[in-house]
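Fold and geometry: a report
Letter by letter, the chains look like this.
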Amino acid sequence: MTTHLTPKSTNAHPMMIIAALAVVLFCLAGTAAIMGWIPSSIGGNASNRELTESDRALLASQLAAAPPAVPAAPAAAPPAPEAAARDAGPAP
């Protein structure tokens, strides 16, 4: 007796299709951003991006008023090899 097996139809789940499309769109947006095809969010041209004298004075006063940064304490140095051997006791 011969039985013919019909292949089972496998449809992609709609959430998988949506996820695949989201990944493709995200990759396209990233590629466009890296290539410079997406305009920047800063309005105007390059001449408008320069600081004016009033902006420079304001930034200088803010930097002068800021407290100085305190350097972090240096990390404790690891013990010297001879000190570690001395603390370990005699070798077995």
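Residues numbered from 1 in each chain as written. Predicted model: local features only at pLDDT ≥ 70, side-chain atom pairs only at ≥ 80, totals over all residues. Heavy atoms only, no water.

Each helix and strand counted, the chain has three helices and zero strands in total. By the burial criterion, 2% of the 92 residues in the chain qualify as buried. (Helix = DSSP H or I, 4+ residues; strand = E, 2+ residues; numbered from the N terminus. Buried < 20%, exposed > 50% of the residue type's maximum accessible area, 1.4 Å probe, protein only.)

Another aspect to go through is a nonpolar patch on the surface. On the surface, a cluster of nonpolar side chains totalling about 300 Å² of accessible area is made up of Val24, Leu25 and Leu28. Judged by relative accessible area, which is 54%, Leu28 ranks as exposed. (Patch = residues over 30% accessible without salt bridge, like charges linked within 9 Å, V, L, I, M, F, W, Y side chains within 5 Å. Areas by Shrake-Rupley, 256 points an atom, 1.4 Å probe, with all protein chains shown as cover. Salt bridge = Lys/Arg side-chain N within 4 Å of Asp/Glu carboxyl O.)

A few words now on helix α1 (residues 14-35). Compared with the 32 Å implied by 1.5 Å per residue over 22 residues, the 32 Å span of α1 between its first and last C-alpha is a close match. Positive backbone phi, at 85°, marks Gly36, one or two positions downstream of α1. (Expected span 1.5 Å × (residues − 1).)

Where the model shows low pLDDT, its predicted coordinates should not be examined in detail. Per-residue confidence for the chain averages 77 on the pLDDT scale, and 63% of its residues sit at or above 70. The weakest mean pLDDT in the chain belongs to helix α3 (residues 81-88) at 61; the strongest belongs to α1 at 94. (pLDDT = per-residue confidence, 0-100.)

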